[in-house]
Structure formats: C-alpha cells, structure tokens
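The chain contents come next:
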Amino acid sequence: GLLKPGMNVLVDKSKTLEGLKLCLAGLHKGLAWVERLDMTNPPADEVLTNAEGKVSAVSNGELNADDDFQREMFFYRQAQATVLNALPLLNEHDIATKRPDDYFAEMAKSDQHMQKIRKKLISKQLILEKAKKLHEQRKFGKKVGDSKESRAMMSAVKKYQKGITDKLDFLDGDQKMSSNLVFLALLQNCVFNSFLSPSAKRKFKDQKFGFGGKKSGKKWNTKESFNDVSDFRAKVAHGRGEKGGRKGKGGKQNKRPGKSVRRKMKGRS
Amino acid sequence: MAASKRKRGGQGPVNKKAKKGKFVVDQRESQAEAEPETKNEVTVPAPVSMGKWTNKERVLIFSSRGINFRTRHLMQDLRTMMPHAKADTKMDRKDKLFVINEVCEMKNCNKCLFFEAKKKQDLYMWISNCPHGPSAKFLVQNIHTLAELKMTGNCLKGSRPLLSFDPKFDTEPHYAVLKELFIQTFSTPRYHPRSQPFVDHVFTFTIVDNRIWFRNYQIIEENAALVEIGPRFVLNLMKVFQGSFGGPTLYENPVFQSPNLHRQQLRLAAAAKVREKQAVKDLQKVKRTMAKETLDKDVTDDVFLTPAEKKPVHIQTEAPEPKVVKKNKHKAFKRQRMQRLRR
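Residues numbered from 1 in each chain as written. Chains lettered and ligands numbered in written order. Predicted model: local features only at pLDDT ≥ 70, side-chain atom pairs only at ≥ 80, totals over all residues. Heavy atoms only, no water.

(A) Summary view of the overall build of chain B. Across its full length, chain B carries six helices and 11 strands. Scored against the burial criterion, the 343 residues of chain B give a buried share of 45%. Expressed as a percentage of contacts within chain B between residues at least 6 apart in sequence, the contacts between residues at least 24 apart total 63%. Accessible surface for chain B amounts to roughly 21,300 Å². Of this, 54% is attributable to carbon and sulfur atoms. (Helix = DSSP H or I, 4+ residues; strand = E, 2+ residues; numbered from the N terminus. Buried < 20%, exposed > 50% of the residue type's maximum accessible area, 1.4 Å probe, protein only. Contact = heavy atoms within 4.5 Å. Areas by Shrake-Rupley, 256 points an atom, 1.4 Å probe, with all protein chains shown as cover.)

Below you can see the structure in the form of structure tokens.
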C-alpha cells in the first residue's frame, strides 16, 4: 500500500542518541529546585472517583485521547499530585501559595472579564434549575394549568365556543381563578389563535400580493371595476408624463444601451 | 505587552523594577495600618529586594506574519503568564530562520518561542535555546485562549508557576531534552522584578497519544482544588535540532503527519467513499440491464411427465348465489349513534 507516516523511518539511532545526550548535558544549568519549581509525577488517585468506579487508574499509555472527560481528569489529577507534593517543599523555602485577602495586584484576567464569566455561570445555573423544575413537574404528571380550577375553566370556555352553553359565567365572578388563568384558558381556546400566528410581514405580503391562485368564481370586468378609474394617470396617458422628466434630468436615467452599443463596449474593454 | 524599543545594554528591566517597587510599596503602605500584625507579610516589598535575581532567563515570544486572531491571543496570553518574556515585531517570512538568533541576541534573550503560521491554517511553534542550544519544532493544535468563558480561573499576573511533568518525559532521551527546555523556558526566575512572590498556578505537560498537552490550573485551596485558567494547547513534535533554528536533526517524530497530508487523506477518503457508492450503483445498473439467463432446455425433462386425467366439462346453467355482504352499509355515523343513545 501507500507509504503512511511511521513506516519509512531512517534513523541512525546511535548517532542521534549520542547527540541528544550531549545536548541535554550542554543545556543543563544545574539550578536549585527553588528556581525551577518543577515536578514529575503520575496523577494522584482520587478517593471519591475510585469509590464511584468512574475513573480507573489509567496510565497515559491506555488513556484515550478522544475521551475528553477521562483525559481532562487525568491532567487534573496530575496537577493535583504536583501541588500536593510541592506544597511541603514550598513551605520549606518560605514561598507562600496563598495570598492575603487584601493583596491587590494585577491579575492575569481583568475584573471585567471575571464579571462576564460570573454572569455566564449564573445564567447557566438558572437554566439548569429551571430545567430540573420542569423535569420534576413532568415526572409527576403535572402540566401548566393542570389544577382543578384551570381545567374547569378550560372546559367552560370550550363549551361556550362549541355552543353548548350561552352563558359567559366563567368570565366574571371568579373567586378562585386568577386573571392569568382566565387569560390563558381563553388564549388556548381562542378561535383567533390561528390568526394571531401570521407575523406583520406575512400580513403585509398577503395584502400586497393577495393569496395567489385563480380567483375562483369571482367576476372581473364588472360594472364597478369598469367604472373604477383610480388607476388612471392623466399625464402618463396623454404622453406628457415622464418623457420630459427623463430627458430633462439626463440622457440615460435607467435606459440600457442597445445591443450594438453594448457589443462595441464589450469589444473595447 | 507592546514591543519594547531595542535598547543597547538592556536597560529595560532596571527602570521597570524601580517603578514596580514604588507601586507595590504604595499599595502596601495604605493597607499596612488596616492589616493585623499577625500576618507574615505585612508589607510585601518588591521581589528584587527579597533576594538577588541571578537566573537571568529571558524568553522572546513573537511570530511570523499571517497569523490569525487565535494565535495572536495565545501569544499575548503567554506573555501575560510569563513575566520574563519579551515581545517583538512580526518577522517577515522572506528571512531565513537563523535571523531569529540575531534578533534574540539583540534583545538579550536566551530562549525563544517563535510562532509560524502557514497557509493561514497551520500553526507551528519553535522553541529554542538561542545561542547554540537545541531547538524543537512543533505543530500546535486545539488552541484555547485565556479569554474563553469556560476558563473560570484567574491568577496573579506574573506569579511563578509550578511545573508538572508526566513520568513519560523521563523515559525517552528526546523527551528529556524537551523537558529541560520547557523547564527553562516556562519557569519564572526567582526574584524577577516583574514576578509576584506567590505561587498560585500550575502548568501541566502530559504526553498522550504522542502529543504534548499543555494545561494551566489555578490553585484555589491548599488541598489541591484546581480550576483551569488557560490557555491550553496541544503540541505535536516534529523534529529536534541540535542547533538553534537549524543544525543537524537529532530526533524526528516517526508518527508525525503533516497537516497537508492529513487533509489530503481526508479528501481521498471522502472521494473513495463516493467512488465506491458510484461503483455499487453502476454494478446494480448493469445487473438489471443484463439479459436474464435462459436455462437450456433439457431434452430429458419430459421423461417423467405424466399428463393429468381430463376433467369432465361442467356447464353452469344456474347463476351462482350472491355473496353475503358483511359490511353493514346502513350503520350510522358515530356521532349520530351517540345522539341516539343520549335521547
């Protein structure tokens, strides 16, 4: 088959190994640990996660780079292990990790940015809470307007609309019902609901272009339409309309040059 | 950090140190009365006065032309995180890479992080020890900057980081060289004038899937509760060179696949899929249009045939009986039935 990466490797290993070792020796500075603050450690074992059985102790040979959660937990635990190992060493060298509360210095991210982050987190929390509430409600089979009063209300409205009862008793004298529920019930059963849905844009277009299709069964050229002279513009009809206007303003207002002229122009350019 | 003027003798840090000292002292003095005496650091003086800054490590972070916004922000973030970093103007791609060594010398830097963008898509990062030391070239992927809203941590600007490495870095010699380079580049020198005396974040370098993953966490609690600050990126090692931005290749990553090759493979795969589908369709067409095989008539087929007995011809004189209609056509509609019931 075709050559894939990793198949054709020409490496003079002995030379390069020597070279690498020499390089490392040359690069090495011999600084004290305090200057470098580096740690090499495998990830820490999380007691909680082990109990849950979610994250098993994987070495990074087995770690799947595509499993985001596992990978990020691995990095997190590695950092944790470093911090746990390094804290006593830092204490030895009198380097603090906790800054006092009134130490005000410039932070890597501005306060404005942190505010944005906070807002986003709060909004996410709110959404979660709402979703949880809804989920719980649905779990126990309750819908909005599912209480006895609202159901009675809705059935009353439906009856009125179907013509079973003539009385509009449900509108007035509602001691139990709140005005919200009245409105809700009416809205849900409203005949005009279908007419509320088209937007203003839709209405305008309907008005302008009509509803399309053949004007079935409607007469045209009736007496009224024949006598309707509102579309008559005298100036245009008698030839005095825009001819003067166009010539007066300029030679070519909207006029497209003729075919021969266009061909000549094309040839020239 | 704006590109500072190239001064001879490197006077930059000296002036800035004095300024910084004043600023910090002012802050401290105003707070000093309010603070209780029990705290260790009632007045936190400028870092340089705590000790002598000996580890003169300076990193030059700059890029070539043609980088996009993400790369630019990543560079800025790195400069924020590393107080010992310097900026420089974009380098023209016409210049050869060894020019960078001269630039570093002019700026008095001994390490360099150079970002090179190719085709406005691929980002390569060079890390090098400037005068003679080794250098390495990486392909950078999966960049997330400090400004992303999912990175909720924050740290002091210029605080010293803890560096955390994978044990895998000790297994291979090229990884050992890289580890040493990273340590020297990314760790802020002690008593650097622009550094803060606290250690409140950790850089992690992990090797997974033959790539080096970089993360930056903020240390919130002493019990090692961490939050990610960012930036984060993935480095795919290409080559390690003996010299700075040149020289003989010490190590070449055998599993590295150039991004062009990767894209080409994706395209080929997609094309192959389409071709396969087309081939299957063609085959089906051919099968349909092919004349159906007519079996040759076997002469000996009739041997065992026995004709059936003739049935007597029955002439029907009477009409057959009408079928029983099961459907009740006179069944009323449901509504009417219900009305009837109600009445």
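There is more to say after this.
(B) View of the packing of aromatic side chains. Residues and elements named next belong to chain B. For the structure shown, the criterion picks out 20 aromatic pairs over all chains. Pairing Phe62 with Phe114 gives two aromatic rings, centres 5.0 Å apart and planes at 45°, and the pair type is tilted. One end of the pair, Phe62, is in strand 1 (residues 59-63); the other, Phe114, is in strand 3 (residues 111-118), with 52 residues separating them in the sequence. We note that Phe62, like Phe114, is buried. Three or more aromatic residues link up through ring pairs in this structure, and these residues are Phe138, Phe165, Phe169, Tyr175, Phe182, Phe186, Phe203, Phe205, Phe214 and Phe233. Between the NZ or CZ atom of Lys56 and the centre of the ring of Trp53, over which it lies, the distance is 5.0 Å. Sitting over the face of the ring of Tyr124, Lys137 holds its NZ or CZ atom 4.6 Å from the ring centroid. (Phe/Tyr/Trp six-rings, centres within 6.5 Å; stacked < 30°, edge-to-face > 60°. Lys NZ or Arg CZ within 6 Å of the ring centre and 35° of its normal.)

(C) Region of interest: the nonpolar core. With 47 residues, the main nonpolar core has Phe138, Phe182 and Phe205 of chain B as its most contacted residues. Per element, the largest residue contribution to this core is seven residues, and it comes from helix 4 (residues 173-186) of chain B. The contacts of Phe182 of chain B, once residues within four sequence positions are left out, are Ile127, Phe138, Phe165, Phe169, Ser187, Phe205, Ile212 and Leu235 of chain B. Judged by nonpolar contacts, the second largest core, of 26 residues, contains Tyr76 and Ala86 of chain A together with Trp213 and Tyr217 of chain B. (Core = buried A, V, L, I, M, F, W, Y, C linked by side-chain atoms within 4.5 Å.)

(D) Broad picture of a negative patch on the surface. Taken together, the side chains of Asp296, Asp298, Asp301 and Asp302 of chain B present a region of like negative charge at the surface. Among the structural elements, Asp298 of chain B can be located in the loop between helix 5 (259-289) and helix 6 (334-342). (Patch = residues over 30% accessible without salt bridge, like charges linked within 9 Å, V, L, I, M, F, W, Y side chains within 5 Å. Salt bridge = Lys/Arg side-chain N within 4 Å of Asp/Glu carboxyl O. Lys, Arg positive; Asp, Glu negative; His and termini not counted. Charge placed at Lys NZ, Arg CZ, Asp CG, Glu CD.)

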